[in-house]
Amino acid sequence: MIMDSTTNKAFLAQYRDIHEPFVRYCSSRAYGITETEDLVQEAVLATLKGFSRLKDSQKLLSYMIGVVNNILRNKRRKARFQGAWDEKVLQKLESQTPSPEIALDIHYLLKAMDRLPEKQKEAILLFEVSGFSIREISELQE
């Protein structure tokens, strides 16, 4: 699908303002599932394809968060049928974690967060990791 340059420029102009918090959100959600950069690129591409259908351009971040959630839901669904060991993921986790105790704490925290309803988990990540205010989060989640 070929996108016209007007749509691309409009998307990039709006995306530029939300890039950093969006990447932080993707980073917090991608943990253990996929690479952050891959998730960001996949979400940006999917959003760009559907950008012309977005009625309210002020809701771009909300739309992109929904895209990320859908991408991850699909990846988790596919992962249930695959039992692959990924040495790169293990090495990345080991290199990013300062100590085994902290790694264990992070593991338990993420496991506990997975038990929360999706909206609550998303709100915690948006507040604690991405730095959004409570008011911004309520607007994003409607």
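Whatever comes next refers back to the structure up there.
The rules behind each value
Residues numbered from 1 in each chain as written. Predicted model: local features only at pLDDT ≥ 70, side-chain atom pairs only at ≥ 80, totals over all residues. Heavy atoms only, no water. Helix = DSSP H or I, 4+ residues; strand = E, 2+ residues; numbered from the N terminus. Expected span 1.5 Å × (residues − 1). Buried < 20%, exposed > 50% of the residue type's maximum accessible area, 1.4 Å probe, protein only. Arc of directions from axis to C-beta. Phe/Tyr/Trp six-rings, centres within 6.5 Å; stacked < 30°, edge-to-face > 60°. Salt bridge = Lys/Arg side-chain N within 4 Å of Asp/Glu carboxyl O. Contact = heavy atoms within 4.5 Å. Core = buried A, V, L, I, M, F, W, Y, C linked by side-chain atoms within 4.5 Å.

Enquirer: Break down helix H2 (residues 36-50) for me, with residues and values.
Expert: For H2, built from 15 residues, the straight-helix expectation of 21 Å at 1.5 Å per residue is met to within 8% by its first-to-last C-alpha distance of 21 Å. Taken as a whole, H2 has its buried residues at Thr36, Leu39, Val40, Ala43, Thr47, Leu48 and Gly50. Each buried residue of H2 sits inside an arc of 165 degrees when the element is viewed along its axis, so together they form one side.

Enquirer: Requested: an account of the packing of aromatic side chains, with residues and values cited.
Expert: Per the counting criterion, the structure on display carries three aromatic pairs. For the ring pair Phe11 and Phe51, a centre distance of 5.5 Å and an interplane angle of 75 degrees mean the geometry is edge-to-face. Of this pair, Phe11 sits in helix H1 (residues 5-30) while Phe51 sits in the loop between H2 and helix H3 (60-79); the two residues are 40 residues apart in sequence, bridging distant segments of the chain. Like Phe51, Phe11 is buried.

Enquirer: So what's going on with helix H6 (residues 118-128)? Which residues, and what values?
Expert: Buried residues of H6: Lys121, Glu122, Leu125 and Leu126, and no others. Looking down the long axis of H6, one finds its buried residues gathered within 130 degrees of arc, a one-sided arrangement.

Enquirer: Break down the pattern of salt bridges for me, with residues and values.
Expert: What the rule picks out here adds up to four salt bridges. One salt bridge connects Glu42 with Lys75, and the closest N-O pair in it is separated by 3.7 Å. Residue Glu42 is located in helix H2, and its partner Lys75 is located in helix H3; the two are separated by 33 residues in the primary sequence. When the shortest N-O distance is used, the salt bridge between Lys121 and Asp114 registers 2.4 Å. Take Lys121: its relative accessible area is 8%, and that puts it in the buried class.

Enquirer: Tell me about the side chain of Asn69, residues and numbers included.
Expert: Position of Asn69 relative to the elements: it lies in helix H3. Under the relative-accessibility criterion, Asn69 is labelled buried at 10%. Leave out the neighbours within four places in its chain, and Asn69 touches Tyr25, Arg29, Glu118 and Glu122.

Enquirer: Account for the environment of Tyr25, naming residues and giving values.
Expert: Along the polypeptide, Tyr25 turns up in helix H1. Relative accessible area serves as the criterion here: at 1%, Tyr25 is assigned to the buried category. A C-alpha to C-alpha distance of 9.2 Å links Tyr25 and Val68, two positions 43 residues apart in sequence. Among residues more than four places away in sequence, those in contact with Tyr25 are Ile65, Val68, Asn69, Glu122, Leu125, Leu126 and Ser130.

Enquirer: Please set out the nonpolar core residue by residue, giving values where relevant.
Expert: Formed by 27 residues in total, the largest nonpolar core has its most connected members in Tyr15, Phe22, Leu60 and Val68. Top element by residues in this core is H3. It accounts for eight residues. When residues no more than four places from it in sequence are discounted, the contact partners of Phe22 are Tyr15, Val40, Ala43, Val44, Leu61, Met64, Ile65 and Val68.

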